[in-house]
Structures are given as C-alpha cells and as structure tokens.
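Observations on the three-dimensional arrangement
One letter stands for each residue in the lines below.
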Amino acid sequence: MHYFNLRDNRLFAEEVEVEKIVEKYGTPIYIYSSRTLKRHFHAFDSAFYSIPHITCFSVKCNSNLHVLKTLKEEGAGSDIVSGGELFKALKAGIDPKKIVFSGVGKQDHEIREALYADILMFNVESMQELEKINQIAISLNKKARISFRINPDVDPKTHPYISTGLKQNKFGIDINDAIYAYRTAKELKGIEPVGIDCHIGSQLTEISPFLEALDKLKYLYTELKELGINIQYLDLGGGLGITYKEEEPPHPKEFGEALSKSLAGYPLTLILEPGRVIAGNAGILVTKVIYTKNTSEKNFLIVDAGMNDLIRPSFYGSYHRIAEVKPSGRPIKKYDVVGPICESGDFLAKDRELPEVFAGEILCIFSTGAYGFVMSSQYNSRPRAAEVMVQGDEFFLIRQRETYRDLVYLEENV
Ligand SMILES: *Cc1c(COP(=O)(O)O)cnc(C)c1O
C-alpha cells in the first residue's frame, strides 16, 4: 500500500498533484511520500510487538537525511555499512544505541568513529576485522560490542547479485567456524560478543528461508550458551521483498508472526534491518519524454531519466511499473523506455505496453524509493536529480537538483 494514486485522472502523491511538483522543481525528480514511509515502518515494526525487538532501517537503500529523520521520529534505528552512513544516521538524530554496523570492509577510521559514537554493535564479517576492532577498541580504552555475521548457507531464492547468505558469497563467516570465532572473541580484551547476525539476501518473497536461517542461529545460540557465551541480540538482517510487478511477498504481519513464534521463550532481543520493504514503494521517479523515435524494430521513448538516475533495470534487469501522470486513454503501443546515456544498457523498461505517448509528456516510474537515488551517479556529466518529500497537502525539496557547478567544484578546488 502506498499513497501514489490517481484522482480525477491525475496522479497524486498524497494530497499533491504530481504535475504540480514537476512544474515547480522539474524532471527527473524523486518524490517520496512521508505517510507511506511511516505506514510501512509501523506495519513492519508492530508485527514484532510480542517480542523485544529493534527495527534498524537499512540506510543504504535510501540515505536522504529527511527520509532518515522521518523514520527516526517513528522510532527507527539504523543498519549502516560505512562511516558515511554512520555520519548521516547520527546527523538525522538516530539513537546510537539503535545503530548496527555491517559490511565486509570496515576501515580503521570507520571503526574508530563507530566506537566514539558508542553504537549498539558491529556485525563482524571476518577474523581479521575482529582483530582490528579489538586493537582499536583497546587503544581507545573501550570495549566493542560485536556479533558475528554468520553465513548460514541458506538459499534466499532471489537475484544472484542480491543473494548474500550462500557459501560462495563474500559475506559473513562460515557457520561451521562460528564456535571458534566466538571462543576467540571472548578472550579479547577489547571485544564483548553480544549478538549473532545474518543477512541472507534482498527481495525475498518467501518466509521459509528466513525461518531456516533463524533455526540455524538459534541452534548456535544454544551451543554458545553451553560454552558460557551469553548472547543477547539476534539480528536477522533485512531482505523482505515488495511488489514491483506480480510478486506476492508475505505481509510484514505474517513475517513478524512467524519469526516471533519461532523466538518465543528465548531471552533475546531481535534486531531487524529492513530497507526495501519500508522505502521501496514510498518513492517514485518522475521523468519527461524528450523524444519519441520509431525504427523498423522498436518504438523508443527517450526520457530525461537515465541509468545514472535509476540503475536497477540496467544492473539487475529489474521491472518497474511505468505510467502516465495524466492517463490519456490512447491506444496501447509497445515501447522501449530509454535514457539519454550513451550506453545500450541505458533503459528503464523494454517492450513495455503503454498508451501512446508524445514528447513533452510526463511519466512516473513506481517503486523507486529504495536503491534508486542512492545508486545514482553523474555518469555522462549529468547533475543528479532533485528529491522531494510530500506530507499531506504540502511538499518540499529534500535535496536540491545538482548543477553544472557540482560537476566541477571538487575538480577546480584542489
Ligand atoms: C542491504 C542490507 C539490508 C537491507 O536489505 P533490504 O533487502 O533492503 O531489506 C539489511 N542488512 C544488510 C547487512 C544489508 O546489506
């Protein structure tokens, strides 16, 4: 459910007509619905009401400060994967006691920054990283709370680029090495093992892989307890999928009930790291048709948003629904919707059926609130798009459109 709907044959974001936002701020533009973000956060968070839990929004899927602030107001913590994300999460006012730090390549300065901020825990992904965190913690006279990110070897049945919990993936430590890892960690002066973590992938549309992973973590928890290692947090990562086209992911309520039931009676706080399921359908990308072009093979719609603005179709072959902001009712044609970038891989949709569209008209690309703007670049020296937040009948800029100055500023001032 989201709040981008047609009203009197016009696309609205909450109470604001999308075309009005375009008139003021131009295209391409990302538009987020504050009400949708909050609704999704609550639907997810409240699904775990019966057990102790912390919902740590995955900052990497949408790191706009205003998005983070909106979720923080609702009680969200953060799952971060870099020092930059820590910086943004703290700037948004997120409570450090609700921040967990994942990622295979944490650097010294990032570890130091997280220790200074006194975050809840590091999700450690290798023994070298453990040693590094230990040294830095000792040098700062601190103790780092850690969990190991366990690779449970569970198939999430999703796109290979976003599968992370299989043996061949770079993430986490092998579950068979976990006992050794915790025993080692327990002996280190700068380390306090407090959690067990995993994150098996993204855009999962079934609950069973999560339950399978959870069973493995629960078993490990019991083994560790027998060794005198007392774990308090169980972090199951993110990964719950959304509907882009015809996927039917479980409702967060169903997901929450299944996990809560599996954990009932365990004296553990569950940590969740949802990203896409909160932000994905809370954002749209709006673009203008620059030209139409028909060849013997194809009808092209050349739009002003390219793969530098939204890379998911090019990168993962992802489907995003596309619709007119003012449905015309014209006869259906088949189009390739492509951007202005000089790459054949620069497309937003292929062989897509749309009512006939003319140059100058405005299209909306749905489900782009997660892994949209954050993955954008200036490729082809294109200034990045603007971002707008809608709140009821109000809307405001939450990131200015980049200008030509932004293309050269860091190169001229060296
Ligand atoms: C990307 C990521 C998430 C969020 O995944 P979603 O599929 O967006 O929910 C959570 N945790 C970690 C460690 C991640 O890398």
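See the structure shown above.
The text that follows walks through the structure, step by step, so that each part is easy to find. (Residues numbered from 1 in each chain as written. Predicted model: local features only at pLDDT ≥ 70, side-chain atom pairs only at ≥ 80, totals over all residues. Heavy atoms only, no water.)

Turning our attention to the site of the ligand. With respect to spatial proximity, 14 residues lie near the ligand, and among them Lys60, Ser202, Glu273, Arg276 and Tyr371 are the closest. A distance of 2.6 Å is found between a nitrogen atom of the ligand and a side-chain nitrogen or oxygen belonging to Glu273. Arg276 has a polar backbone atom sitting 2.8 Å from an oxygen atom of the ligand. Within the shell around the ligand, the residues separate by chemical class into two nonpolar, seven polar and five charged. (Near = heavy atom within 4 Å. Polar contact = N/O pair within 3.5 Å; in protein donor to acceptor, adjacent residues only side chain to side chain. Nonpolar A, V, L, I, M, F, W, Y, C, P; charged D, E, K, R; others polar.)

Bringing the packing of helix H8 (residues 208–226) against helix H9 (residues 252–263) into the picture now. Two numbers describe how H8 lies on H9: the axes approach to 11 Å, and their chain directions differ by 20°. Judged by the angle between their axes, H8 and H9 are roughly parallel. As for how H8 packs across H9, the hand of that crossing is right-handed. Each of Phe210, Leu211, Leu214, Asp215 and Lys218 in H8 lies in contact with H9, whose residues at this interface are Phe255, Ala258, Leu259, Ser262 and Leu263. (Axes fitted to C-alpha atoms, helices over the stretch in contact; angles between N-to-C directions. Helix = DSSP H or I, 4+ residues; strand = E, 2+ residues; numbered from the N terminus. Parallel < 35°, antiparallel > 145°, perpendicular 65-115°, else oblique. Left-handed = near helix turned anticlockwise from the far one by under 90°. Contact = heavy atoms within 4.5 Å.)

For the rest of this paragraph, the subject is the pattern of salt bridges. This model, assessed by the stated rule, comprises 20 salt bridges. We note a salt bridge from Arg330 to Glu361, for which the minimum N-O separation is 2.8 Å. Taken together, the residues Arg330 in the loop between strand E16 (322–324) and strand E17 (332–338) and Glu361 in the loop between strand E18 (347–355) and strand E19 (362–365) connect sequence positions 31 residues apart. Its relative accessible area of 25% is what places Arg330 among the partly exposed residues. One salt bridge connects Arg399 with Glu402, and the closest N-O pair in it is separated by 3.2 Å. Judged by its relative accessible area of 31%, Arg399 falls in the partly exposed class. Since its relative accessible area comes to 10%, Glu402 is described here as buried. Among the charged side chains, a network of salt bridges with common partners joins Arg7, Glu14, Glu15 and Arg35. (Salt bridge = Lys/Arg side-chain N within 4 Å of Asp/Glu carboxyl O. Buried < 20%, exposed > 50% of the residue type's maximum accessible area, 1.4 Å probe, protein only.)

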